[in-house]
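Observations on chain architecture
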Amino acid sequence: MALGAASFSAGVVAGYRESLSTTVPYNFEAEMSISDFSLWARLQGNERIDLSLEYDMRVGSTIEHVFNVHSAFYPSLGGFATLEYEFTQQFRWDFFSLGYGLGAQAGLWWDSFGGDPRLSLSPVIDAELGFHFGPVDLIGYLTMDHKAEREWKALPVIGTTLSWRIGGHSTIYADAYFKMAEYLMDPRTMVSGWAVRIGYVYRGRIV
């Protein structure tokens, strides 16, 4: 009998991140995926620790149903957890691509000082425009689902990613973005943070 092969990937990221809620700008990320499941973790000094588990259910060649559970911990302060579902669709025409996503995120915030937990429910909206030239991909995006910027309430992030595939397995990339502050209550648009991330990903198959 022939055994099926499962795709896998592993990656590391180093980033510089400034925001209104952090004083430690340097952070490090690691991610591993097998088939449709992925696990992601980030350490931002001794200030914040993030863990995320995601399942991508593909339907046909363009549609994915994405389920994500995320937790963030602030030592001695508290943390939050989110549960998210998103419907996404990607289209590709030669060197040009478009993508969008629609979903919702539920959040729970708690603190270490005995305060009552707080709940949130946020819409999740994504839009993506890409240009592809051989091994080089340039993508601009607006997302409320950036893995490095998940919060108790989903907030818009606007950025761009430049990646370069090396050989058949390796990819290096740079990601730069800024995050908006509260967008429903504040009458003015304000930036609450920005970041630059440099990463490497290895992709292969397990037989």
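Overview of the structure. Note that the coordinates shown come from a computational prediction; the quantities given were computed from them, not determined experimentally.

1. Examining the packing of aromatic side chains
Scanning the entire structure with this criterion turns up 14 aromatic pairs. Each ring, one from F8 and one from Y202, has its centre 6.1 Å from the other, and the planes form 45 degrees; the classification is tilted. Note that F8 is positioned in strand β1 (residues 6-19) and Y202 in strand β12 (residues 191-206), a separation of 194 residues in sequence. A residue is classified by how much of its surface remains accessible, and F8, at 25% relative accessible area, is partly exposed. Measuring from ring centre to ring centre gives 4.8 Å for F37 and Y55, while their planes differ by 35 degrees; the resulting arrangement is tilted. Of this pair, F37 sits in strand β3 (residues 37-44) while Y55 is found in strand β4 (residues 48-59), placing the two residues 18 residues apart along the sequence. Owing to a relative accessible area of 26%, Y55 belongs among the partly exposed residues under this scheme. For R118, the ring lying beneath its charged end belongs to W152, and the centroid distance is 5.3 Å.

2. What about unusual backbone geometry?
Phi is positive for S35, which is not a glycine, with a value near 55 degrees. Taking relative accessible area as the criterion, S35 reaches 39% and is therefore assigned partly exposed. One non-glycine residue, D94, lies in positive phi territory at about 55 degrees. Using a relative accessible area of 64% as the deciding quantity, one classes D94 as exposed.

3. Considerations on a nonpolar patch on the surface
Nonpolar side chains collect at one region of the surface, where W93, F95, L98, L129, F131, F133, L138 and L162 lie side by side and expose about 730 Å² of accessible area between them. In terms of residues, the nonpolar patch owes the most to one element, strand β8 (residues 118-133), which gives three residues. By secondary structure assignment, the location of L129 is in strand β8.

4. Quick notes on the pairing of strand β11 (residues 170-180)
Pairing between strand β10 (residues 157-166) and β11: 10 bridges, direction antiparallel. Paired with G159 across the strands is Y177, a residue of β11. Here β10 hands over to β11 after three residues, with G167 in that stretch at a positive phi of 65 degrees. Taken together, the 11 bridges between β11 and β12 define a ladder with antiparallel strand orientation. When the bridges of β12 are listed, S170 appears paired with Y202.

5. Quick word on the sheet that holds β11
Spatially, the 12 strands close up into a barrel ordered β1-β2-β3-β4-β5-β6-β7-β8-β9-β10-β11-β12, and their pairing is antiparallel. Neighbour-to-neighbour, the strand axes of the sheet open up by a mean angle of 20 degrees, direction not taken into account. Where strand β6 (residues 78-93) lies against strand β7 (residues 96-111), 16 bridges are found, and the strand directions are antiparallel. When the sheet's bridge partners are listed, T88 is paired in β7 with G101.

How each quantity is defined
- Residues numbered from 1 in each chain as written.
- Predicted model: local features only at pLDDT ≥ 70, side-chain atom pairs only at ≥ 80, totals over all residues.
- Heavy atoms only, no water.
- Phe/Tyr/Trp six-rings, centres within 6.5 Å; stacked < 30°, edge-to-face > 60°.
- Helix = DSSP H or I, 4+ residues; strand = E, 2+ residues; numbered from the N terminus.
- Buried < 20%, exposed > 50% of the residue type's maximum accessible area, 1.4 Å probe, protein only.
- Lys NZ or Arg CZ within 6 Å of the ring centre and 35° of its normal.
- Patch = residues over 30% accessible without salt bridge, like charges linked within 9 Å, V, L, I, M, F, W, Y side chains within 5 Å.
- Areas by Shrake-Rupley, 256 points an atom, 1.4 Å probe, with all protein chains shown as cover.
- Salt bridge = Lys/Arg side-chain N within 4 Å of Asp/Glu carboxyl O.
- Pairing = 2+ DSSP bridges.
- Axes fitted to C-alpha atoms, helices over the stretch in contact; angles between N-to-C directions.

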